[in-house]
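Breakdown of the fold
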Amino acid sequence: MDSTILLILLQDGVMNGAIYALLGLALVLVFLVTRVIFIPQGEFVAFGALTLAFMVNGRIPGTVNLLLIIGAIVFAVEVIAASRSRNWSGMGKTFSWSLLLPMVLYFLAPYIVSKDTALWINVLFSMVLVVPLGPMLYRLVYQPVAEASVLVLLIISVAVHFALTGLALVFFGAEGWRTPPFMEGEVQMGPVSWSAQTFFVLGTCALLIIGLWMFFGKTLYGRALRATAVNRRGARLVGISTNMSGSLTFTLAAAIGALSGMLIAPVTTIYYDTGFLIGLKGFVAAIFGGLISYPIAAVGALFVGILEAFSSFWASAYKEVIVFTLIIPVLLWRSFGAHHTDDEE
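Residues numbered from 1 in each chain as written. Predicted model: local features only at pLDDT ≥ 70, side-chain atom pairs only at ≥ 80, totals over all residues. Heavy atoms only, no water.

Topic: the overall build of the chain
The helix and strand tally for the chain stands at 15 helices and two strands. A compact globule built from 345 residues would reach a C-alpha radius of gyration of about 20 Å, and the chain, at 20 Å, matches this within 12%. Taken over the C-alpha atoms alone, the chain extends approximately 70 × 55 × 35 Å along its principal axes. Looking at the chain residue by residue over its 345 residues, the buried ones come to 47%. (Helix = DSSP H or I, 4+ residues; strand = E, 2+ residues; numbered from the N terminus. Rg over C-alpha atoms; globule rule 2.2 N^0.38 Å. Buried < 20%, exposed > 50% of the residue type's maximum accessible area, 1.4 Å probe, protein only.)

The following block contains the structure:
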């Protein structure tokens with residue numbers, strides 16, 4: 001290894017680490033607010049990347065049909081719940097986001113999907129297709145068992161992961177896809193040329209992290225999420241809806257996952273099940289922060305990305321093993337300072 005190879009590996013590691021940082025932040029956010037270890041986070045990575053890949057190739061993505069089907073199920077569940085409680089006050093809003101929005105997107109898709117459509121329009125339409133799946137998933141699966149133990153929620157997350165992987169295979173097929181880079185060109189820095197795509201990924205990740213920081217610190221909904229993360233029972237006592245907090249959290253997690261998939265798709269072939277491994281690496285980063293610290297999770301993500309890049313050079317056949325084995329010493333390190341706490345009743 002010489003300095004040129006070292007810088008090339010460092011470039012790959014930093015770019016991948018930035019993606020893992022976003023996923024790690026999403027996992028920490030979901031866990032703090034809902035106590036859910038969101039294993040299906042990786043599926044949103046695959047959904048976002050594959051939806052964009054289909055659109056740039058002039059094909060209507062399966063997400064159009066998937067969103068309409070799940071939206072109809074959510075609306076039916078809400079109608080049943082409203083009929084039992086005899087409270088129909090929120091049905092107009094429910095109809096708008098669970099049924100009307102998917103129907104509008106379904107009829108718009110043939111007019112938008114084309115090989116000549118600008119990339120940024122494809123990105124926006126893909127986000128609109130994938131992001132609503134987050135709150136829908138929360139309403140169908142997690143909201144009814146919101147007060148269950150962390151272990152039960154973890155088991156449910158595993159089941160959801162397998163279900164979403166199967167749906168991805170049905171709606172996207174087994175073929176792998178890539179997308180065109182967001183930026184073309186090279187930037188010469190010393191002996192190594194850094195791709196413009198790398199700087200675009202790093203800049204997007206930095207802007208998104210700053211945006212999340214401002215959202216949590218400057219907005220009412222962000223402060224509500226912070227309050228729920230600190231004390232769920234106390235948040236309920238002051239009038240903060242934990243259902244609203246959970247739905248908003250899953251919306252943010254879906255948006256982060258979908259955008260991460262779109263950022264990584266130009267450099268990695270994405271299959272229907274690729275998101276699982278990518279999401280697990282974000283989980284390793286989140287474990288660095290004990291699922292409670294955003295800054296430590298971000299630092300852990302950069303370390304995971306760099307370790308993966310150098311492992312692929314020295315022992316490419318074992319790079320996944322090396323990355324995931326990292327969980328063991330991290331868990332041991334975290335356990336030394338851990339204090340047992342009981343779940344909220």
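Quick notes on the pattern of salt bridges
Scanning all chains against the criterion turns up three salt bridges. Among the salt bridges present, the one from Glu-78 reaches Arg-139, with a minimum N-O distance of 2.7 Å. Of this pair, Glu-78 sits in helix H3 (residues 63–85) while Arg-139 sits in helix H6 (residues 133–142), placing them 61 residues apart in sequence. A single burial state applies to Glu-78 and to Arg-139, both of which are buried. With a shortest N-O distance of 2.5 Å, Glu-308 and Lys-281 are connected by a salt bridge. On the criterion of sequence distance, the pair formed by Glu-308 in helix H13 (residues 294–314) and Lys-281 in helix H12 (residues 274–288) is long-range, its members being 27 residues apart. On the basis of relative accessible area, Lys-281 is assigned to the buried category, the value being 4%. (Salt bridge = Lys/Arg side-chain N within 4 Å of Asp/Glu carboxyl O.)

A word on a nonpolar patch on the surface
Taken together, the side chains of Phe-95, Leu-100, Val-104 and Leu-108 present a nonpolar region at the surface, about 300 Å² in accessible area. Mapped onto the elements, Val-104 comes out in helix H4 (residues 91–112). (Patch = residues over 30% accessible without salt bridge, like charges linked within 9 Å, V, L, I, M, F, W, Y side chains within 5 Å. Areas by Shrake-Rupley, 256 points an atom, 1.4 Å probe, with all protein chains shown as cover.)

Focus on helix H8 (residues 196–218)
Its 23 residues place the ends of H8 32 Å apart at the C-alpha level, agreeing with the 33 Å of an ideal helix rising 1.5 Å per residue. Looking only at H8, the buried set comprises Ala-196, Gln-197, Thr-198, Val-201, Thr-204, Cys-205, Leu-212 and Phe-216. Against helix H1 (3–34), strand E1 (186–189), strand E2 (192–195), helix H9 (220–230) and helix H11 (242–264) lie the buried residues of H8. (Expected span 1.5 Å × (residues − 1). Contact = heavy atoms within 4.5 Å.)

A look at unusual backbone geometry
A negative phi angle is the norm for most residues apart from glycine, just as the trans form is the norm for most peptide bonds. A positive phi angle, close to 65 degrees, is found at Arg-35, a residue other than glycine. Here Arg-35 lies in the loop between H1 and helix H2 (41–56). By relative accessible area, Arg-35 is classed as buried at 9%.

Notes on the packing of H2 against helix H5 (residues 119–130)
Where H2 meets H5, the axes come as close as 9 Å, and the angle between the chain directions of the two elements is 140 degrees. Classified by the angle between their axes, H2 and H5 sit oblique to one another. For the pair H2 and H5, the crossing hand works out as right-handed. For the pair formed by H2 and H5, the contact residues are Phe-44, Phe-47, Gly-48, Thr-51, Leu-52, Met-55 and Val-56 on the first element and Leu-119, Asn-122, Val-123, Phe-125, Ser-126, Leu-129 and Val-130 on the second. Taken together, the residues of the contact of H2 with H5 break down into 10 nonpolar, four polar and no charged. (Axes fitted to C-alpha atoms, helices over the stretch in contact; angles between N-to-C directions. Parallel < 35°, antiparallel > 145°, perpendicular 65-115°, else oblique. Left-handed = near helix turned anticlockwise from the far one by under 90°. Nonpolar A, V, L, I, M, F, W, Y, C, P; charged D, E, K, R; others polar.)

Section: H5
The terminal C-alpha atoms of H5 lie 16 Å apart, and with 12 residues this matches the ideal 16 Å at 1.5 Å per residue to within 8%. Among the residues making up H5, those that are buried are Asn-122, Val-123, Phe-125, Ser-126, Met-127, Leu-129 and Val-130. Turning to H5, the residues buried within the fold contact H2, H3, H4, H6 and H11.

Quick notes on the environment of Thr-268
The residue Thr-268 is located in the loop between H11 and H12 in this model. Each C-alpha atom of the pair Thr-268 and Gly-176 lies 9.5 Å from the other, and the pair is 92 residues apart in sequence. Filtering out sequence-adjacent residues up to four positions away, Thr-268 remains in contact with Trp-177 and Arg-178.

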